[in-house]
Amino acid sequence: MQQILVLNSGSSSLKFQLFTMPEETVLCSGLIERIGSEDAKFKYKTNREKIRVVTPIPNHKVALEILAKQLLDPETGSIKSPEDIDVVAHRVVHGGKEFSETIEITKNVKDKIKALSPLAPLHNPANLEGINIAETIFKKAKQVAVFDTAFHQTIPEHVYKYALPNKFSDKIRLYGFHGTSHKYVSEKAIGLLGEKESKIITIHLGNGCSMSAIKNGVCIDHSLGFSPNAGLIMGTRSGDLDPTIIFYLAEKFNLNLKELNTLLQKESGMLGLTGHGDLREIEELAKEGDKACQLAIKMNTYRIKKYIGSYTAALNGLDAIVFTAGIGENSTIMRELICEDLDFLGIKLDIVKNNERLKTIRTISTPDSKIKVFVIPTNEELEIAKETYDLLVKE
Ligand code: ADP
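Participant: Mind showing me how you'd approach the overall build of the protein here?
Facilitator: Counting secondary structure elements, the protein contains 14 helices and 14 strands. Taken over C-alpha atoms, the radius of gyration comes to 21 Å for the protein, in line with the 21 Å a tight globule of 395 residues would show. By its C-alpha atoms, the protein is 60 × 55 × 45 Å across when sized along the principal axes. Counting across all 395 residues of the protein, residues that qualify as buried make up 49%. Looking at the protein alone, contacts between residues at least 24 apart form 62% of all its contacts between residues at least 6 apart.

Participant: Can you walk me through the sheet that holds strand β11 (residues 218-222) in this structure?
Facilitator: Whether parallel or antiparallel, the strands of a sheet pair through hydrogen bonds between backbone atoms. Spatial ordering of the open sheet is given by β11-β10-β9-β12-β14-β13, a layout of six strands whose pairing is mixed. The open sheet has two edge strands, β11 and β13 (362-363), and neither has a second partner. When β13 meets strand β14 (residues 372-375), the two strands line up antiparallel, connected through two bridges. If you follow Thr 363 over to β14, its bridge partner there is Phe 374.

Participant: Just to check I follow, could you spell out the packing of helix α9 (residues 279-287) against helix α10 (residues 291-315) for this structure?
Facilitator: Between two packed helices, both the angle of their axes relative to each other and the distance between the axes serve to describe the pair. The N-to-C vectors of α9 and α10 enclose an angle of 120°; their axes lie 7 Å apart at closest approach. With respect to their mutual orientation, α9 and α10 come out oblique. Both α9 and α10 take part in a crossing whose hand is left-handed. Across the interface between the two elements, Ile 282, Glu 283, Leu 285 and Ala 286 of α9 pack against Cys 293, Gln 294 and Ile 297 of α10. In terms of residue class, the contact of α9 with α10 is made up of five nonpolar, one polar and one charged.

Participant: Before we go on, may I ask you to explain the domain arrangement of the protein in this structure?
Facilitator: One frequently used descriptor of interface size is the decrease in accessible area upon assembly of the parts. Split by domain assignment, the protein resolves into domain 1 (2-147) and domain 2 (195-375). Taken over C-alpha atoms, the centre of domain 1 sits 30 Å from the centre of domain 2.

Participant: Please clarify how the packing of aromatic side chains should be interpreted in this entry.
Facilitator: Tallied over the entire structure, the rule returns four aromatic pairs. Their ring planes at 35° and their centres at 6.2 Å tell us that Phe 16 and Phe 42 sit as a pair that is tilted. Taken together, the residues span a long stretch of sequence, with Phe 16 in strand β2 (residues 14-21) and Phe 42 in strand β4 (residues 41-46) at a distance of 26 residues. Judged by relative accessible area, which is 2%, Phe 16 ranks as buried. Looking at Phe 42, the relative accessible area reads 2%, which means it is buried. Considering the side-chain rings of Tyr 175 and Phe 226, the 6.2 Å spacing of their centres and the 40° angle between planes classify their relative orientation as tilted. Taken together, the positions of Tyr 175 in the loop between α4 (157-160) and α5 (179-193) and Phe 226 in the loop between β11 and α6 (244-253) put the pair 51 residues apart, joining distant regions of the chain. We note Arg 173 situated over the ring of Tyr 160; from NZ or CZ to the ring centre the distance is 3.7 Å.

Participant: Is there a simple way to think about the nonpolar core in this case?
Facilitator: In a soluble, globular protein the nonpolar side chains are often hidden away together inside. Among the nonpolar cores identified, the biggest contains 40 residues, and Ile 203, Met 211, Ile 304 and Ile 308 are the most heavily contacted of them. Listing elements by their share of this core, those giving two or more residues are β9 (199-205), β10 (209-215), α9, α10, β12 (320-324), α12 (332-339) and β14. By residue number, the principal contributor to this core is α10, which donates eight residues. With residues up to four places along the chain from it excluded, the contact list for Met 211 reads His 182, Ile 201, Thr 202, Ile 203, Asp 221, His 222, Ser 223, Leu 232, Ile 304, Tyr 307, Ile 308 and Tyr 311. Of all hydrophobic cores here, the second largest spans 25 residues; its members include Ile 35, Leu 67, Ala 134 and Ile 137.

Conventions adopted
Residues numbered from 1 in each chain as written. Predicted model: local features only at pLDDT ≥ 70, side-chain atom pairs only at ≥ 80, totals over all residues. Heavy atoms only, no water. Helix = DSSP H or I, 4+ residues; strand = E, 2+ residues; numbered from the N terminus. Rg over C-alpha atoms; globule rule 2.2 N^0.38 Å. Buried < 20%, exposed > 50% of the residue type's maximum accessible area, 1.4 Å probe, protein only. Contact = heavy atoms within 4.5 Å. Pairing = 2+ DSSP bridges. Axes fitted to C-alpha atoms, helices over the stretch in contact; angles between N-to-C directions. Parallel < 35°, antiparallel > 145°, perpendicular 65-115°, else oblique. Left-handed = near helix turned anticlockwise from the far one by under 90°. Nonpolar A, V, L, I, M, F, W, Y, C, P; charged D, E, K, R; others polar. Domains from an automatic or database assignment. Phe/Tyr/Trp six-rings, centres within 6.5 Å; stacked < 30°, edge-to-face > 60°. Lys NZ or Arg CZ within 6 Å of the ring centre and 35° of its normal. Core = buried A, V, L, I, M, F, W, Y, C linked by side-chain atoms within 4.5 Å.

Structure below.
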């Protein structure tokens, strides 16, 4: 039995979950938000209680110190001090082509994570800071890195390469993201299908959105690319664009690189189309007749449908589609529109099942649907804990 603390250290937030493995028991979990601002928030949850402390939290070091003091399980008393933590598992966004597997963190691993920072300037430095601080607080614990890009390292060269002059292809290629989520839900789907061979499309729809084509458990294509702004229309990101649009915007609207970056990452997608970034509001307004919201939903679901078509071709068939993350797990309308008019492929949605508001793994296709449609709640923290436990057992 091992106590594994999973940490997801972002630029202004810190998410955590403490697991006992292999039992997969969650001892406590929580979130520290708005680190560095006056109204930082600390939400902490155990089986029995929920504590919310609002206090100025100036930096990640203080955040992690506050967290370390709270890691007590009131029911079992199994964690008494940070020294009781066996392992700290860190989510690291970019592992480049260097990391295709979960790995114990050494000085060399940290140097490589740092060297990859230009590819993920918002994420890798924050992840690395979390690692450095955790090393000083959880002194006895092993530190492990689980990379968001790792699951996509199986994508073949003719898919990950861009058609640019070869001298650029050392660094510029499709890396993919959300890998932990795609891996977790695809493994569950493979379990549900119960077949040795499988062709699956996983659709992760949250604030960030992505799709993967997965053959026999191996990722062969993915909609995010060199950065997390490719493929689908997202909350605030544009997804696929003709690159020439960027030159046109620069020239005609006099936008510099920084402004263009902000435009494409933070002001586009559903927000740019409707003025709203949260799909729940957009759905409400669309229902009330708002034309911009109706169009944005149509554009969004059409693009997903297009990717289903192309991935079915890439897989040479399809056994199941999986919906996951905030939108995929909860939006009945999005799922309905995505699956609409795909009967030629053999996708038949059971409207009653699709409309059930459940939080569990479920099948929402009809019994005679050739292709199964699953809703599988993602659990990236648990997947990180599982991979970390597997690494330690292997050692
Ligand atoms: P993140 O990518 O930040 O982890 P989530 O996976 O939590 O995000 O997804 C956030 C998105 O899920 C938001 O756009 C939110 O509107 C959407 N969402 C959550 N619940 C619902 C719901 N019941 N219906 C429609 N959309 C929902």
